[in-house]
Amino acid sequence: MKYKRILLKLSGEALMGDRQYGIDPKRLAEYADEIKQITDRGVQVAVVIGGGNIFRGVAGASKGMDRVQADHMGMLATVINGLALQSALEDAEIPTRLQSAVKINEVAEPFIRRRAMRHLEKGRVVIFGGGTGNPYFTTDSAAVLRAIEINADVILKGTRVDGIYTSDPEKNADATKFDFISFDDVLRKGLKVMDTTAFTLSQENELPIVVFDMNKTGNLLKVVSGESIGTQVNL
């Protein structure tokens, strides 16, 4: 395996599958199978999931809701998604821990860095819920922050497209894909990989990012094995 410890970033929308809202158990089971393929090979896995399939704080704020209140609702949505993924992983016989930046002691451990790292060393998948615990920060920022804290080798951003393109491939058939691109080139070209705060934090800490299609069976294992899947963002 090319990477020993990874942080997998999934969007909340990815959990919807073919639905318009909520969580698709079939998609969860597929993700659990993908993660099991790499944990069986000794890879340590941490996961951050968005909450957009349930509630997105920015969307609520754009409709007149108080931004801080809306972001807190979004954080709780990520905990719900974390519980759903935890259940799917445990159905696949993968030991799992859910840690939340927002204290919900009845359903999740509080985020404690050393405890999280110990769980990883013992082969448990650690799911980080509740974002950073602060409003105005996205789950992209939470993913980069947690990856740095646990000394992850890479951030794997699983999306529904197979990498970074010159423009949106779902809207522009002429868009071309990058296999490798530097942080500076992403910023220079104005490409949307993560929000600016998250991306800059990753760049400053020299933490590579791989953007790939998580919905294609076997892709996660291929990425972790070092195959040229998706787009790698590096210095």
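Everything numeric in this text was worked out from a predicted model, so none of it was measured.

1. Description of the sheet that holds strand β4 (residues 109-110)
Working step 1: Taking strand neighbours across the sheet as the criterion, the nine strands line up as β4-β3-β5-β2-β1-β6-β10-β11-β9 in an open arrangement whose pairing is mixed. Every other strand in the sheet has two partners, leaving β4 and β9 (180-182) as the edge strands with one partner each.
Working step 2: Examined bridge by bridge, strand β1 (residues 5-10) and strand β6 (residues 154-159) share five bridges and lie parallel to one another. Following the sheet pairing, L8 is matched in β6 by L156.

2. Some remarks on the environment of D71
Working step 1: Mapping D71 onto the fold places it in helix α3 (residues 67-91).
Working step 2: Considering only alpha carbons, one finds D71 and G130, 59 residues apart in sequence, at a separation of 9.9 Å.

3. Describing the pattern of salt bridges
Working step 1: Per the counting criterion, the structure on display carries twelve salt bridges.
Working step 2: A salt bridge links R56 to E13; its shortest N-O distance comes to 2.1 Å. Remark: E13 occurs in the loop between β1 and α1 (25-39) and R56 occurs in the loop between β2 (44-49) and α2 (57-62); sequence separation between them is 43 residues.
Working step 3: Here E13 falls in the partly exposed class, since its relative accessible area comes to 31%.
Working step 4: Among the ionic pairs, R118 bridges to E121, the shortest N-O distance being 3.4 Å. Of this pair, R118 and E121 are both found in helix α4 (residues 113-121), three residues apart, which corresponds to roughly one turn of the helix.
Working step 5: Residue E121 is classed as partly exposed on the basis of its relative accessible area of 47%.
Working step 6: Through salt bridges with shared partners, a single network forms among K9, D140 and K157.

4. A few points about the UniProt feature "domain: Aspartate/glutamate/uridylate kinase" (unreviewed entry) in the protein chain
Working step 1: As annotated in UniProt, the feature "domain: Aspartate/glutamate/uridylate kinase" (unreviewed entry) corresponds to residues 4-213 in the numbering used here.
Working step 2: Overall, residues 4-213 shows 39% helix and 20% strand. The separation of its end C-alpha atoms is 20 Å.

5. Things to note about the side chain of S182
Working step 1: The residue S182 is located in strand β9 in this model.
Working step 2: At a separation of 3.0 Å, a polar atom in the side chain of S182 contacts the main-chain amide nitrogen of D185.
Working step 3: When neighbours within four sequence positions are excluded, S182 is seen to be in contact with V233, N234 and L235.

6. Notes on the packing of aromatic side chains
Working step 1: Applying the stated criterion to the full structure yields two aromatic pairs.
Working step 2: Ring centres of F111 and F128 lie 5.5 Å apart, and the angle between their planes is 80 degrees; on these two criteria the pair is classed as edge-to-face. On the criterion of sequence distance, the pair formed by F111 in the loop between β4 and α4 and F128 in strand β5 (residues 125-129) is long-range, its members being 17 residues apart.
Working step 3: Ring centres of F183 and F199 lie 5.0 Å apart, and the angle between their planes is 55 degrees; on these two criteria the pair is classed as tilted. Here the residue F183 occupies a position in helix α6 (residues 183-189), and F199 occupies one in helix α7 (residues 196-204), the gap between them amounting to 16 residues.
Working step 4: Overall, the relative accessible area of 2% leaves F199 in the buried class.
Working step 5: Directly above the ring of F111 sits R146, whose terminal nitrogen or CZ lies 3.8 Å from the centroid.
Working step 6: Directly above the ring of F128 sits R146, whose terminal nitrogen or CZ lies 6.0 Å from the centroid.

7. Brief notes about the UniProt feature "binding site: UMP" (unreviewed entry) in the protein chain
Working step 1: Within the UniProt annotation, "binding site: UMP" (unreviewed entry) is assigned to G51, D71, T132, G133, N134, P135, Y136, F137, T138 and T139.
Working step 2: Here G51 is to be found in the loop between β2 and α2.
Working step 3: A residue is classified by how much of its surface remains accessible, and G51, at 9% relative accessible area, is buried.
Working step 4: Every residue in contact with G51, bar those within four places of it in the chain, is listed here: G12, A77, T78 and N81.
Working step 5: With respect to the helices and strands, the residue T138 is situated in the loop between β5 and α5 (139-149).

Calculation rules
- Residues numbered from 1 in each chain as written.
- Predicted model: local features only at pLDDT ≥ 70, side-chain atom pairs only at ≥ 80, totals over all residues.
- Heavy atoms only, no water.
- Pairing = 2+ DSSP bridges.
- Helix = DSSP H or I, 4+ residues; strand = E, 2+ residues; numbered from the N terminus.
- Salt bridge = Lys/Arg side-chain N within 4 Å of Asp/Glu carboxyl O.
- Buried < 20%, exposed > 50% of the residue type's maximum accessible area, 1.4 Å probe, protein only.
- UniProt positions renumbered as here; feature names shortened; annotations may be inferred.
- Polar contact = N/O pair within 3.5 Å; in protein donor to acceptor, adjacent residues only side chain to side chain.
- Contact = heavy atoms within 4.5 Å.
- Phe/Tyr/Trp six-rings, centres within 6.5 Å; stacked < 30°, edge-to-face > 60°.
- Lys NZ or Arg CZ within 6 Å of the ring centre and 35° of its normal.

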